[in-house]
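# Overview (structure and organization)
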Amino acid sequence: MFFVVLTKKRLLIISSIVLAIIVIISILFGTGVVGAFNSNKKRLPIYSVEREDKKIAISFDCAWGTDYTDSLLNVMQEKDVKCTFFMVEFWTRKYPDFVKKIDQYGHEIGTHSATHPYMSKLDKKTIIKELESSAKAISDITNKKVELFRAPYGDYNDRLIQTAEEQGLYTIQWSIDSLDWKDISSDEIVKRVTGKIHSGAIILFHNQGLNTAKALPTIIDRLKSDGYQFVSIGELIYKKNYTILPNGTQRQNS
């Protein structure tokens, strides 16, 4: 009787140790092992990319107006920086000449939805319509396939991420918010971005930010002097064989 009880205790201890090891490995290395025990594991967009080469990406959301867009493009041209613009369909259709200009300047274009809704509240059929329609509006102008998507308001759920994947889109969030949409001063924008910068960062700006164009030259010069390289998001992210960690960092699988 004593032998049976002792064996059960040992088995319980061994099982507990094994489970603890699995959990620790999953947390540390993002292997998704825990996902085997949790079929409801939350899907995440790409907030940033795990890299050691100091590559970073600037992105602009385009939904309202074009007052400062030429100034932004001039800064990028002068500083020899390529970036990524996310466009809402109604903006794309209202300003086709700007879509062409952004493309001709060599910048990447992704969709920011068709109507700028809270997409976590939409059913799958409506999500597909938002994505397909907005991507087509861009492709009709640029003759290029759209591969990137940013959810309006940064609002997402599992259904949205999965549906975007099925449409061949990588869902992109950000790791640094410039807060330019609050019309803060250029000095404040510079401080926020340079103070939070890290290799693999995705930086959020807006084409209609009041002081964005004024802040960008200083941001670009400072970060370049610190060894950072500016690339489009499509160049920054991994397209295959990757894992997204619980904090939204995309990691290349070994």
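Structure's up top.
Now for a description of the structure that goes with this document. (Residues numbered from 1 in each chain as written. Predicted model: local features only at pLDDT ≥ 70, side-chain atom pairs only at ≥ 80, totals over all residues. Heavy atoms only, no water.)

A word on the nonpolar core. Counting 51 residues, the largest nonpolar core has Ile 58, Phe 60, Met 87 and Phe 205 as its most contacted members. For this core, the element with the highest residue contribution is helix 8 (residues 212-225), accounting for 6 residues. Once residues within four sequence positions are removed from consideration, Phe 205 is found in contact with Ile 58, Ser 59, Phe 60, Asp 61, Ser 178, Asp 180, Ile 189, Val 193, Thr 212, Leu 216 and Ile 219. Ranked by size, the runner-up nonpolar core spans 15 residues in total, among them Ala 57, Val 231, Ile 233 and Tyr 238. (Core = buried A, V, L, I, M, F, W, Y, C linked by side-chain atoms within 4.5 Å. Buried < 20%, exposed > 50% of the residue type's maximum accessible area, 1.4 Å probe, protein only. Helix = DSSP H or I, 4+ residues; strand = E, 2+ residues; numbered from the N terminus. Contact = heavy atoms within 4.5 Å.)

Another aspect to go through is the packing of helix 2 (residues 69-79) against helix 4 (residues 96-104). As a packed pair, helix 2 and helix 4 sit with axes 11 Å apart at the nearest point and diverge in direction by 5°. Considering the angle they form, helix 2 stands roughly parallel to helix 4. Two secondary-structure elements touch here, helix 2 through Thr 69, Asp 70 and Leu 73 and helix 4 through Phe 98, Lys 101 and Ile 102. (Axes fitted to C-alpha atoms, helices over the stretch in contact; angles between N-to-C directions. Parallel < 35°, antiparallel > 145°, perpendicular 65-115°, else oblique.)

Of all the 8 residues making up strand 2 (residues 55-62), 7 are buried; the element is thus mostly covered by neighbouring parts of the structure. Of the pairings in the sheet, the one linking strand 2 to strand 9 (residues 229-230) comprises 2 bridges and is parallel in character. In the sheet register, Lys 55 faces strand 9, and the bridge partner there is Gln 229. Of the pairings in the sheet, the one linking strand 2 to strand 8 (residues 202-206) comprises 5 bridges and is parallel in character. Counted as the bridge partner of Ala 57 is Ile 202 from strand 8. The sheet contact formed by strand 2 and strand 3 (residues 84-87) spans 4 bridges and is parallel. When the sheet's bridge partners are listed, Asp 61 is paired in strand 3 with Phe 86. Remark: the strand 2/helix 2/strand 3 crossover connection has right-handed handedness. (Pairing = 2+ DSSP bridges. Right-handed = clockwise from strand over helix to strand, strands pointing away.)

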